[in-house]
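So you can see what is in the structure, the chains are spelled out below.
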Amino acid sequence: IPSEDKTEALRYGLNIMNNENLITVTTGGGGDGYFVLDSYLTMLEQMKEERILPPFQTILVTGPFLSKDQKDAILERAANLEIHAFEFFSDMETLITASDLVVCMGGYNTICETLCSKTMSLIIPREYPRKEQYIRAKAFHEKDLIEYIKWDRVDAAALKKKILCMLENKDRYEKSMQKFKMTGISRICDRIFKLREDINGGVC
């Protein structure tokens, strides 16, 4: 986990004040992340039209596998909104730790990084061609560790409502993440050893 000095330096370099909330939006490689990025930017564009000042700053990371046309469109819209947008961010671990909330899909690595850094996350899990991300998001949500919005229910209004609610209730998620034990590897090893003992016992 990055040091506090490192995360503070990153926020300072991005002109994020200590009293400001920072939201990072990332879709991993970005190959199928356009819908998430588009929905988030639409939310900000609607807030701008309504002359509502968002109570947060945004860092947007498209991922290197977003198509060129989609990437160019996303970066142009981000520039019009005067928010930071990158195709690739070299130190995502520090960026996630420096954030108050991460909006992302339900990839294994991203969720592990947010939980390790004790950063709130709003998951928009892919449900096709596999439901792995949705199953993971639902399981972690049941433990009050993350929030999620089903893919077919995502729009600007749903994002706005969920994001504002999460930022107003940080303590709830922080407490749950503090209690959560990152012991997956040791538990898997224990189960493998037990299975091996059961098999050897059966053979003997």
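Just so you know, these numbers come straight off a predicted model, no measurement behind them.

Asks: Would you explain the overall build of the chain in this entry?
Replies: From N to C terminus, the chain includes 9 helices and 6 strands. Projected onto its principal axes, the C-alpha coordinates of the chain cover approximately 75 × 40 × 30 Å. Considering the chain as a whole, with its 204 residues, one finds that 42% of them fall into the buried category. Long-range contacts, defined as pairs at least 24 residues apart, comprise 70% of the intrachain contacts of the chain with a sequence gap of at least 6. Looking at charge distribution, the chain has the averaged site of its 28 positive side-chain charges lying 7 Å from that of its 31 negative ones.

Asks: Would you explain the packing of aromatic side chains in this entry?
Replies: Two aromatic rings are characterised by how far apart their centres lie and by the angle between their planes. Overall, the coordinates contain 4 aromatic pairs when judged by the stated rule. The interplanar angle of 40 degrees and the centroid separation of 5.0 Å between the aromatic rings of phenylalanine 35 and tryptophan 151 together place this pair among those described as tilted. Note that phenylalanine 35 is positioned in helix 2 (residues 34-49) and tryptophan 151 in the loop between strand 6 (147-148) and helix 7 (156-168), a separation of 116 residues in sequence. Residue classification places phenylalanine 35 among the partly exposed residues on the basis of a relative accessible area of 28%. The exposure class assigned to tryptophan 151 is partly exposed, which follows from its relative accessible area of 25%. Ring centres of phenylalanine 86 and phenylalanine 89 lie 5.2 Å apart, and the angle between their planes is 80 degrees; this geometry places the pair in the edge-to-face category. Given a relative accessible area of 12%, phenylalanine 89 falls into the buried group.

Asks: How should I be thinking about a nonpolar patch on the surface in this particular structure?
Replies: A contiguous nonpolar patch, built from Ile188, Ile192 and Phe193 and spanning about 300 Å² of accessible area, is present on the exposed surface. Tracing the backbone shows isoleucine 192 in helix 9 (residues 184-203).

Asks: I tried to follow unusual backbone geometry on my own but got confused; where do I start?
Replies: Negative phi characterises most residues that are not glycine, and trans characterises most peptide bonds. Cis geometry marks the peptide bond from tyrosine 128 to proline 129; its omega dihedral reads 5 degrees. If you trace the backbone, proline 129 turns up in the loop between strand 5 (120-123) and helix 6 (132-142). The phi dihedral of asparagine 15 falls on the positive side, at around 60 degrees, and the residue is not glycine. With respect to the secondary-structure elements, asparagine 15 resides in the loop between helix 1 (4-13) and strand 1 (22-26).

Asks: How do you make sense of the pattern of salt bridges when you look at a structure like this?
Replies: Any two side chains of opposite charge can pair, given that their charged atoms come close. Taken as a whole and assessed by the stated rule, the structure comprises 15 salt bridges. Glutamate 127 is the salt-bridge partner of lysine 150, the closest N and O atoms lying 3.2 Å from each other. Separated by 23 residues along the polypeptide, lysine 150 in the loop between strand 6 and helix 7 and glutamate 127 in the loop between strand 5 and helix 6 bring together distant segments of the chain. Judged by relative accessible area, which is 18%, glutamate 127 ranks as buried.

Asks: Is there a simple way to think about the sheet that holds strand 6 in this case?
Replies: Strand pairing in a sheet relies on backbone hydrogen bonds, with the paired strands running either antiparallel or parallel. The strand order across the open sheet built from 6 strands is 3-2-1-4-5-6, with neighbouring strands paired in parallel fashion. Each edge of the open sheet is held by one strand with a lone partner, namely strand 3 (84-86) and strand 6. As paired strands, strand 4 (residues 101-104) and strand 5 are joined by 4 bridges and run parallel to one another. The residue of strand 5 that forms the bridge with valine 102 is serine 121.

Rules of the game
Residues numbered from 1 in each chain as written. Predicted model: local features only at pLDDT ≥ 70, side-chain atom pairs only at ≥ 80, totals over all residues. Heavy atoms only, no water. Helix = DSSP H or I, 4+ residues; strand = E, 2+ residues; numbered from the N terminus. Buried < 20%, exposed > 50% of the residue type's maximum accessible area, 1.4 Å probe, protein only. Contact = heavy atoms within 4.5 Å. Lys, Arg positive; Asp, Glu negative; His and termini not counted. Charge placed at Lys NZ, Arg CZ, Asp CG, Glu CD. Phe/Tyr/Trp six-rings, centres within 6.5 Å; stacked < 30°, edge-to-face > 60°. Patch = residues over 30% accessible without salt bridge, like charges linked within 9 Å, V, L, I, M, F, W, Y side chains within 5 Å. Areas by Shrake-Rupley, 256 points an atom, 1.4 Å probe, with all protein chains shown as cover. Salt bridge = Lys/Arg side-chain N within 4 Å of Asp/Glu carboxyl O. Pairing = 2+ DSSP bridges.

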